[in-house]
Amino acid sequence: MRNGGQKEVAQEVEILLVDDNASDVELTVRALRAHKLANSIHIAEDGQQALDFVFCRDTYAERSFASPPKVIFLDLKMPKVDGIDVLRAIRGDERTRMIPVVILTSSKEQRDIVEGYKLGVNAYIQKPVDFDEFRRVIEQMGLFWLVVNQPPPREAFPG
């Protein structure tokens, strides 16, 4: 299930899940797949892997900017590069700034919420601690971002 370091990556990724907590990753993927909301989920275990994936570099150099994820679910507190810096890099580059990003984190610190919105996050969701509530939140996020929401067209992404 964890494919953050694999060489072979499908070009068409619906969700980039960026989270270093194995339990949260497993619950998120299980909830999305149980409701048939995502066929292609790529997992980045830290902020550096996420940036390499999004910017098609290093292990992901074969990827194309023409196939951005439909949505990024981004944790904040991660090793190597934290989520705020990942968001800053995504929003700071014309090739990636239109990718929808949802912060999905345990942090409820006001400064994280404010900074996330200042940088252009599309939604900020605090992870519920209750298993059933967590599953419901993930299901609702998946339904909205992959079924209800109209993503930017491919033409909106230069490169």
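Each remark here, short or long, concerns the structure printed above.
Here the structure is a predicted model, which means the values were calculated and not measured.

### Details of the packing of helix H3 (residues 83–91) against helix H4 (residues 110–118)
- One way to put it is that H3 packs onto H4 with a least axis distance of 10 Å and a crossing angle of 10 degrees. When the axis of H3 is compared with that of H4, the two are roughly parallel. Across the interface between the two elements, Ile84, Leu87 and Arg88 from H3 touch Asp112, Glu115 and Gly116 from H4.
- Of the residues belonging to the contact of H3 with H4, the class tally is two nonpolar, one polar and three charged.

### A few points about the pairing of strand S2 (residues 41–44)
- Covered by surrounding structure in S2 are Ile41 and Ile43 together with His42 and Ala44, the residues of both alternating faces.
- Here four bridges tie strand S1 (residues 15–18) to S2, and the two strands are oriented parallel to one another. Counterpart to Leu16 in the pairing with S2 is His42.
- Read as a crossover between parallel neighbours, the route from S1 over helix H1 (residues 22–34) to S2 is right-handed.

### A closer look at the environment of Asp130
- Among the structural elements, Asp130 can be located in the loop between strand S5 (123–126) and helix H5 (131–148).
- Along the sequence, Asp130 and Ala44 sit 86 residues apart, while their C-alpha atoms lie 24 Å from each other.

### Quick notes on H1
- Taking 1.5 Å of rise per residue, the 13 residues of H1 would be expected to cover 18 Å, and the 18 Å separating its terminal C-alpha atoms lies within 8% of that figure.
- All of the buried residues in H1 are Asp24, Val25, Thr28, Val29, Ala31 and Leu32. With its buried residues spanning 165 degrees around the axis, H1 presents them on a single face.
- On its buried face, H1 sits against S1, S2, strand S3 (71–74) and H5.
- A side-chain oxygen of the first residue of H1 lies 2.9 Å from the backbone nitrogen of Ser23; this N-cap is Asn21.
- With its phi angle positive at about 55 degrees, Lys36 sits one or two positions after the end of H1.

### What to know about the packing of helix H2 (residues 47–54) against H3
- Contact geometry for H2 and H3: axes closest at 9 Å, N-to-C directions at 15 degrees. Considering the angle they form, H2 stands roughly parallel to H3. The interaxial crossing formed by H2 with H3 has right-handed handedness. On the side of H2, the interface is formed by Gly47, Ala50, Leu51 and Val54, while H3 contributes Val86, Ala89 and Ile90.

### Focus: the packing of aromatic side chains
- Scanning all chains against the criterion turns up three aromatic pairs.
- Judged by centre distance (5.3 Å) and plane angle (75 degrees), the ring pair of Phe53 and Tyr60 falls under edge-to-face.
- On the basis of relative accessibility, which here comes to 0%, the residue Phe53 falls in the buried class.
- Pairing Phe55 with Phe65 gives two aromatic rings, centres 6.4 Å apart and planes at 65 degrees, and the pair type is edge-to-face. Of the two residues, Phe55 is situated in the loop between H2 and S3 and Phe65 in the loop between H2 and S3; the sequence distance between them amounts to ten residues.
- Among the residues examined, Phe55 registers a relative accessible area of 11% and is labelled buried.

Rules used throughout
Residues numbered from 1 in each chain as written. Predicted model: local features only at pLDDT ≥ 70, side-chain atom pairs only at ≥ 80, totals over all residues. Heavy atoms only, no water. Axes fitted to C-alpha atoms, helices over the stretch in contact; angles between N-to-C directions. Helix = DSSP H or I, 4+ residues; strand = E, 2+ residues; numbered from the N terminus. Parallel < 35°, antiparallel > 145°, perpendicular 65-115°, else oblique. Contact = heavy atoms within 4.5 Å. Nonpolar A, V, L, I, M, F, W, Y, C, P; charged D, E, K, R; others polar. Buried < 20%, exposed > 50% of the residue type's maximum accessible area, 1.4 Å probe, protein only. Pairing = 2+ DSSP bridges. Right-handed = clockwise from strand over helix to strand, strands pointing away. Expected span 1.5 Å × (residues − 1). Arc of directions from axis to C-beta. Polar contact = N/O pair within 3.5 Å; in protein donor to acceptor, adjacent residues only side chain to side chain. Left-handed = near helix turned anticlockwise from the far one by under 90°. Phe/Tyr/Trp six-rings, centres within 6.5 Å; stacked < 30°, edge-to-face > 60°.

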